[in-house]
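# Commentary on secondary and tertiary structure
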Amino acid sequence: QAQLVESGGGLVQPGGSLRLSCAASGTIGSIYTMGWYRQAPGKERELVAVIGRSDTTNYADSVKGRFTVSKDNAENAVYLQMNSLKPEDTAVYYCYLLHGRLGFRYDVWGPGTQVTVSS
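Everything numeric here is computed off the predicted structure, so don't read it as measured data.

## Quick look at the overall build of the chain
A count of helical and extended segments in the chain gives zero helices and 11 strands. What you see in the chain, going N to C, is helices and strands ordered as β-β-β-β-β-β-β-β-β-β-β. Scaling as 2.2 N^0.38, a compact globule of 119 residues should have a C-alpha radius of gyration of about 14 Å, and the chain matches this with 14 Å. For the chain, the spread of C-alpha atoms along the three principal axes comes to 50 × 25 × 25 Å.

## Examining the sheet that holds strand E7 (residues 67-72)
Strand order in the open sheet formed by four strands is E1-E3-E8-E7, and the pairing between neighbours is antiparallel. Across the chains shown, the open sheet's two edge strands, defined by having one partner strand only, are strand E1 (2-7) and E7. Strand after strand, the sheet turns through a mean of 15° between neighbouring axes, direction not considered. By the bridge criterion, six bridges tie strand E3 (residues 18-26) to strand E8 (residues 77-82) in an arrangement that is antiparallel. When the sheet's bridge partners are listed, Leu 18 is paired in E8 with Met 82.

What counts as what
- Numbering of residues starts from 1 in every chain and runs along the sequence as written.
- In keeping with the model being predicted, local features are shown solely for residues with a pLDDT of at least 70 and side-chain atom pairs are shown and tallied solely at 80 or more, while totals for entire chains, interfaces and linings include all residues.
- With hydrogens and water set aside, each side-chain value is computed from the structure's full complement of heavy atoms.
- Each helix corresponds to a stretch of at least 4 residues labelled H or I by DSSP, and each strand to a stretch of at least 2 residues labelled E; elements are numbered beginning at the N terminus.
- With the radius of gyration taken over C-alpha atoms, the globule rule is written as 2.2 Å times the number of residues to the power 0.38.
- A strand pair is defined by DSSP finding two or more bridges across the two strands.
- The axes used here are C-alpha line fits, helices contributing only the stretch in contact, and every angle between their N-to-C directions lies in the interval 0 to 180 degrees.

Without other data, these values stay purely geometric and don't point to any function.
Written as structure tokens, this is what we have:
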């Protein structure tokens, strides 16, 4: 059983910054993708930023230029540096892991951490 633990969420003023961290533990195969999704009230969960085995990244258009995703392979950790935060960034942020072995693939989600951007 693989699991994810997140940290770094909280309340921040518009224009401020937060850094989210996520570490994977447990039974993990080859890691293909790690990253972050978010879900605001009344909205669908959306991709924020993910990073693959080749260190390629994919960002939501709404966060490009403001957010940066990175990872530490040795620690099975992924990070999200969020700058120039806007009220519309307010959401529950979920860490995501795609891993697998023997041709099987598994999705793992963290419990989520609240990010609130407000004055």
